[in-house]
Amino acid sequence: MWFGWIEFDLLLGDVHSLKQKRAVVRPILSEIRRRFEVSVAETGGQDLHRRAGVAAGLVAADAVHVIEVLDGIERLVAARPEVQLLSARRRLDSSEDE
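Residues numbered from 1 in each chain as written. Predicted model: local features only at pLDDT ≥ 70, side-chain atom pairs only at ≥ 80, totals over all residues. Heavy atoms only, no water.

## Structural notes on the overall build of the protein chain
Phase 1 of the analysis: The helix and strand inventory of the protein chain stands at 2 helices and 4 strands.
Phase 2 of the analysis: Starting at the N terminus and walking to the C terminus, you meet the elements of the protein chain as β-α-β-β-α-β.
Phase 3 of the analysis: Here the protein chain has a C-alpha radius of gyration of 14 Å; the compact-globule value for 98 residues is 13 Å, and the two agree.
Phase 4 of the analysis: Along the first, second and third principal axes, the C-alpha atoms of the protein chain reach 45 × 25 × 20 Å.
Phase 5 of the analysis: When contacts within the protein chain are restricted to residue pairs at least 6 apart in sequence, long-range pairs at least 24 apart make up 71% of them.
Phase 6 of the analysis: A total of about 6000 Å² of accessible surface is found on the protein chain, and carbon and sulfur atoms cover 51% of it. (Helix = DSSP H or I, 4+ residues; strand = E, 2+ residues; numbered from the N terminus. Rg over C-alpha atoms; globule rule 2.2 N^0.38 Å. Contact = heavy atoms within 4.5 Å. Areas by Shrake-Rupley, 256 points an atom, 1.4 Å probe, with all protein chains shown as cover.)

Okay, here's the thing in structure tokens:
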């Protein structure tokens, strides 16, 4: 069994309130969840209106599938015009790892 996660640090565009931030971040979370069938959440910067931390995670039978999904999620987030991807961190582990 393999599990992986990816975490993004995002700079949001023309956002001046937490309400506007939710209007930008929520559709991104929904699209990731819908297209890749993974767990996804806003994980950082909840009190900042121009920054957001977003993370997604999944479990699969093989590492290749996990890597493909994480790559797809990163491409999707990087292609969104309303956010700037500042950084992406990922991790891949196996249940056999000690």
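Let's pick the thread back up.
## Details of the environment of Ala88
Phase 1 of the analysis: Relative to the assigned elements, Ala88 resides in strand β4 (residues 83-94).
Phase 2 of the analysis: As a C-alpha pair, Ala88 and Leu48 span 40 residues in sequence and 19 Å in three-dimensional space.
Phase 3 of the analysis: Ignoring sequence-local partners within four residues, the contact set of Ala88 consists of Glu7, Phe8 and Glu74.

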